[in-house]
Amino acid sequence: MNVLDFMKDHFLFLDGGMGTLLQEAGLQPGELPERWNVSHPEEIVRIQKSYYDAGSNVVLSNTFGANGLKFDEEELETLVMAAVRNAREAARQSSGTQEKFVALDIGPLGKLLKPYGDYEFEDAVAMYSKTVRFGVAAGVDLIFIETMNDSYDTKAALLAAKENSDLPVFVSNAYDGTGHLMTGASPAAMVAMLEGMHADAIGANCSLGPDQLVGVMEEYLKYASVPVLLKPNAGLPRSENGKTVYDVFPPEFAESVGKLLEKGIRIAGGCCGTTPDYIRAVVEKSKTITPVPVTEKELSLVSSYTHAVEFGGSPILIGERINPTGKKRFQQALRENDIDYILGEALKQQDAGVQLLDVNVGLPEIDEPAFLLRAVQELQAVTDLPLQLDTTDPVAMEAGLRAYNGKAMVNSVNGKEEVMSVIFPLVAKYGGFVVALTLDEGGIPDTAEERVAIAEKIVKRAADYGISKKDLIFDPLAMTISADTTAALATMQAVHRIRHELKVNTSLGISNVSFGLPNRNIITSTFFALCLQDGLSAAIMNPYSQEMMNVYHAFRALHNMDENCMDYITYAQNLPAPTMTAPTAGAGTSGSTGISDAAAASSGEGPSSELQKAIVRGLKEKTGALTKELLATQKPLEIIQSEVIPALNIVGADFEKKKVYLPQLLMAAEAAKSAFEEVKVAMAASDDGTSGGSSRCPFVIATVHGDIHDIGKNIVKLILENYGFAVSDLGKDVPEQTVVDEVVRLHAPIVGLSALMTTTVPAMEETIKLLREQAPWAKVCVGGAVLTQEYADAIGADRYCRDAMETVRYAEEIDEEWKKS
């Protein structure tokens, strides 16, 4: 029986943890578990058989870390083939009578993808593809992508699975205590992207116990129209006598998971710390629970790498300014490859209050596919607003959709078969929320009836590609009333009928209605209000128009969409505002990775200069240019102390308060690096003997022996360097004595150790023991997904640091002591 067919009427039970059981079986610190598929197949079969015996329907192959970054292609194929063979043998030997399936387990590569890291998205897709192809050849029943803590990495893995197999694909992400991925994505954002790409089941695993994941699971169940899975840890880890143990036991674990099964979870298992006893307890608990049917939620979502935007309730504003039509300065920016101007337009519109950004870079004389790809990547580096990709070029559309981190809005299709047959397959593959224009081979109809008929045709054709009504938004086309005074009436009637009869969302390019008339805002804003009353879901509009924003905020307040009228009050208190022109370049235009000047100010004192704004908002080129200008009048170290460090502190404070997430912190750090580079050049050229080197103590950092996941370590390194620390990065999979030798060589007062997997924590503990013996002066801070404060205490660390900023704060304490010694 196919696993998807089995799930329709049954709970599906997964296996539990593998790493801790392998350690109990003799896996040594630093030893790669995947090699046991060949060297110790009997142990792998024994463990997996015990899960089948406990009631697991699905056992994951022992391939969590099997990828081309660890193994050459020949060994990778051998290990994957052996892993699947072992799981099949375990199923054969098992006494369990339940349906049994083998899943290809795929874990993260351990690389942070560009623009936040240095690994290319397409390289990640290629790397995952190798593992997928070997797993498919070995005969797995499904693909299980798990423990992914970055949305972009998740997309790369899912794309690889879909492009190299037709098997069911389950996707599970690892959330932190705030209910977000490491790079900021909410559960709703992941639902939007993963459902759009047709994952067959989605959910969460690792990091936390079942009780800590209740909020995450409830958000999945609210938005997901596919089965939701849960694979939590056995609570939180700690070390007892050199052994990793967890604080939630099988009865309590089963009780907690059982409550979530009652709420609608359909797939359950365990992760770190769980054993066959945990799975057995969950299976037993489920016997008194009736599976909740999986239902279509009919929610229209788009998403960025941090959050989802839902259509159908409060009207959505889509900023229209990233478009060359009628904008000579924007056309000039495209011709001159002036990406900073485009980023500035995005950030000004974000500050003005839009929820999405339309992105159109089409000019006849430019390479639109290449430029749209670059625009998507650059925009997503400085803003977390979802994007609407606006192009008539299908090659450009595919380039943008493939690179987009999230679920994009797609502008557009229409009723022409030649258009639908090209765009709908792209949306079916990459996901998207599609703008559908109510025109066809006969042009734009005059009447509302004809436009509704085209909309009905598009709905039916989209369904042929597996695209439901919830992923369509219709534009009934606003035509200028200066040419036809009945045009607005036809559009408004079409908006009303499409929204209320077809029950799909609607959008308009509002400003078209007033073309050719004087004082256009009078007509445009009134038309906007009338269309909102008829059910308009979204508008592509000019957010710098005070009249348009007046209508928007008033409409929301009057329709009970603005709790206690707080948004309206905030807006009204800041009037008057410019009417048709954007803020000047000196008035908050520097932009950021989703941080407005007002938001930055909320952390205390906001950015007080253009350079600080540029750093806070992650604009690397602008930061470098402004620093170079300041160096003509200010001393290099003065710029560091009065401009760069305060800007980093603003972003750091908001990161600590969870007002911004890791991508914003990293892009600000990258911008600060461009300032430092200019300062170093200036200091090297000066004749005062100053080298421009690090001003704070040495800091040795490493990912421990046996662990190749260096995302967290690289993030910490980048932030520390921006705060002036002399970081010695030893890399990943670093032997214990190598760490100690470097600390002794530098007489470094502080060491940072990172580990992602439970199987490598013993290597961390051993490193700390050697440091105590050979470098007793050094303080040790530790971090990683499997660590907690209690765990850190048990292995002898001086400080557990949850994230990069906690590491900076601790390092600053040590640096103060170091300077006094």
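Residues numbered from 1 in each chain as written. Predicted model: local features only at pLDDT ≥ 70, side-chain atom pairs only at ≥ 80, totals over all residues. Heavy atoms only, no water.

With respect to the packing of aromatic side chains
- As enumerated under the stated definition, the model contains 10 aromatic pairs in all.
- Ring geometry for phenylalanine 424 versus tyrosine 465: centroids 5.8 Å apart, planes at 45°, classification tilted. Placement of the pair is phenylalanine 424 in helix H16 (residues 417–430) and tyrosine 465 in the loop between helix H17 (448–464) and strand S18 (472–475), with a sequence separation of 41 residues.
- Of note, arginine 329 hangs over the ring of tyrosine 341, and the distance from its end group to the ring centre comes to 4.2 Å.
- Stacked on the ring of phenylalanine 655, the Lys or Arg lysine 658 has its end atom at 5.0 Å from the ring centre. (Phe/Tyr/Trp six-rings, centres within 6.5 Å; stacked < 30°, edge-to-face > 60°. Helix = DSSP H or I, 4+ residues; strand = E, 2+ residues; numbered from the N terminus. Lys NZ or Arg CZ within 6 Å of the ring centre and 35° of its normal.)

Section: the domain arrangement of the protein
- Taken as a whole, the protein is organised into domain 1 (3–286), domain 2 (314–573), domain 3 (595–678) and domain 4 (698–820).
- Here domain 3 and domain 4 have C-alpha centroids that lie 26 Å from each other.
- Contacts between the two partners involve 16 residues from domain 3, matched on the other side by 9 residues from domain 4.
- Between domain 3 and domain 4 the total buried area reaches about 1,100 Å² when both faces are included, carbon and sulfur atoms providing 67% of it.
- Linking domain 3 with domain 4 are 1 salt bridge.
- Note that glutamate 656 and arginine 809 form a salt bridge whose closest N and O atoms lie 3.2 Å from each other. (Domains from an automatic or database assignment. Contact = heavy atoms within 4.5 Å. Buried area = accessible area lost by both parts, 1.4 Å probe. Salt bridge = Lys/Arg side-chain N within 4 Å of Asp/Glu carboxyl O.)

Brief notes about the pattern of salt bridges
- Scanning the model with the defined rule gives 44 salt bridges in all.
- Note that aspartate 798 and arginine 772 form a salt bridge whose closest N and O atoms lie 2.9 Å from each other. With aspartate 798 in the loop between helix H30 (789–794) and strand S25 (799–800) and arginine 772 in helix H29 (residues 761–774), this pair connects stretches of sequence that are 26 residues apart.
- Aspartate 798 gets classed as partly exposed once you look at its relative accessible area, which sits at 31%.
- Here the salt bridges do not stand alone but share partners, grouping Glu656, Arg696, Arg809, Glu812, Asp815 and Lys819 into one network. (Buried < 20%, exposed > 50% of the residue type's maximum accessible area, 1.4 Å probe, protein only.)

Quick notes on unusual backbone geometry
- With an omega dihedral of 10°, the bond running from lysine 114 to proline 115 counts as a cis peptide bond.
- Within the fold, proline 115 resides in the loop between strand S3 (101–106) and helix H6 (121–138).
- A positive phi angle is found at leucine 477, which is not glycine, with a value near 75°.
- Following the sequence through the fold, leucine 477 ends up in the loop between S18 and helix H18 (487–500).
- Relative accessible area serves as the criterion here: at 11%, leucine 477 is assigned to the buried category.
- Unusually for a residue other than glycine, asparagine 560 sits at a positive phi of about 60°.
- You can see asparagine 560 is positioned in the loop between helix H20 (546–558) and helix H21 (566–573).
- The class of asparagine 560 is exposed, set by a relative accessible area of 70%.

Observations concerning the pairing of strand S21 (residues 698–703)
- With 6 of 6 residues buried, S21 is to be regarded as a mostly interior element.
- The alternating pattern of S21 places Pro698, Val700 and Ala702 on one face and Phe699, Ile701 and Thr703 on the opposite face, and all of these are buried.
- Where S21 lies against strand S22 (residues 726–729), 4 bridges are found, and the strand directions are parallel. Bridge pairing in S22 places proline 698 opposite alanine 726.
- In terms of handedness, the path from S21 via helix H27 (residues 711–722) over to S22 forms a crossover that is right-handed. (Pairing = 2+ DSSP bridges. Right-handed = clockwise from strand over helix to strand, strands pointing away.)

Brief notes about the sheet that holds strand S14 (residues 356–359)
- What the 8 strands build is a closed barrel, ordered S13-S14-S15-S16-S17-S18-S19-S20; its pairing is parallel. Direction aside, the axes of adjacent strands within the sheet are offset by 30° on average.
- One ladder, built from 3 bridges, connects strand S13 (residues 316–322) with S14; its direction is parallel. Among the inter-strand pairings, isoleucine 322 is bridged to a residue of S14, identified as valine 359.
- In the packing of H16 onto the sheet, contacts are made with strand S16 (409–414), strand S17 (433–437) and S18, and the angle to S16 comes to roughly 155°. (Axes fitted to C-alpha atoms, helices over the stretch in contact; angles between N-to-C directions.)

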